[in-house]
Amino acid sequence: MCWLDKSSIKQMLKIRDKYNINTFVETGAFRGVNIRFHSFHWKNVLSCDISDEYLAIARNYNKDRNNVIIEKKSSADFIKEFIKKYKEDERFVLNNGELLILGISISYILLAII
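Structure report, in brief.

The rules behind these values
Residues numbered from 1 in each chain as written. Predicted model: local features only at pLDDT ≥ 70, side-chain atom pairs only at ≥ 80, totals over all residues. Heavy atoms only, no water. Core = buried A, V, L, I, M, F, W, Y, C linked by side-chain atoms within 4.5 Å. Buried < 20%, exposed > 50% of the residue type's maximum accessible area, 1.4 Å probe, protein only. Helix = DSSP H or I, 4+ residues; strand = E, 2+ residues; numbered from the N terminus. Contact = heavy atoms within 4.5 Å. Polar contact = N/O pair within 3.5 Å; in protein donor to acceptor, adjacent residues only side chain to side chain.

1. As for the nonpolar core
Membership of the largest hydrophobic core comes to 14 residues, with the highest contact counts inside it found for Ile 35, Trp 42, Val 45 and Ile 70. Broken down by secondary-structure element, the contributors of at least two residues to this core are helix 1 (6–18), helix 3 (52–61) and strand 3 (68–72). At 4 residues, the largest contribution of residues to this core is made by helix 1. Look past the residues within four positions of Ile 70 in its chain and what remains in contact with it is Ala 29, Ile 35, Ser 47, Cys 48, Leu 55, Ala 58, Arg 59 and Asn 62. Leu 46, Cys 48, Phe 78 and Phe 82 belong to the second largest nonpolar core, which has 6 residues in total.

In structure tokens, the structure reads:
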């Protein structure tokens, strides 16, 4: 899946600027296309994938981007660690197990201050 349509990008960048968000977090690196695009618009880009094949492709595609970190990890583990690390930040709220960021339900893309 690719979230590079103009209206999605416009909204993400608006949220980034309004709340001074530095880091774009995406679970499921796939081939690294989204990661690369966002690495030009965010201070930091974090991602993960469990597939060795996709991990290698995404890392290779983004090897020249020094603000990208792609971990070998499941999305579930990645999100659990993310929540544990940022649970004190009032912008991130768990609502019956659903992660809400700035009051917005996020299932595919996470935005975080790092």
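There is more to say, and it comes next.
2. Some remarks on the side chain of Arg 16
Turning to its location among the elements, Arg 16 is positioned in helix 1. Taking relative accessible area as the criterion, Arg 16 reaches 18% and is therefore assigned buried. Every residue in contact with Arg 16, bar those within four places of it in the chain, is listed here: Ile 21, His 41 and Trp 42.

3. Points about the environment of Asn 22
Residue placement: Asn 22 occurs in the loop between helix 1 and strand 1 (23–27). In this structure, the C-alpha to C-alpha distance between Asn 22 and His 41, residues 19 residues apart in sequence, is 9.4 Å.

4. Overview of unusual backbone geometry
For Phe 30, which is not glycine, the phi dihedral falls at a positive 50 degrees. Examined against the element boundaries, Phe 30 turns out to sit in the loop between strand 1 and helix 2 (33–39). Overall, Phe 30 belongs to the partly exposed group, its relative accessible area being 39%.

5. Quick look at the side chain of Ser 47
The residue Ser 47 is located in strand 2 (residues 44–49) in this model. For Ser 47, a relative accessible area of 1% gives the class buried. Only 2.7 Å separates the side chain of Ser 47 from the backbone oxygen of Glu 26, close enough to count as a polar contact. Setting aside chain neighbours within four positions, we find Ser 47 in contact with Glu 26, Gly 28, Ala 29, Ile 35, Ile 69, Ile 70, Glu 71 and Phe 78.

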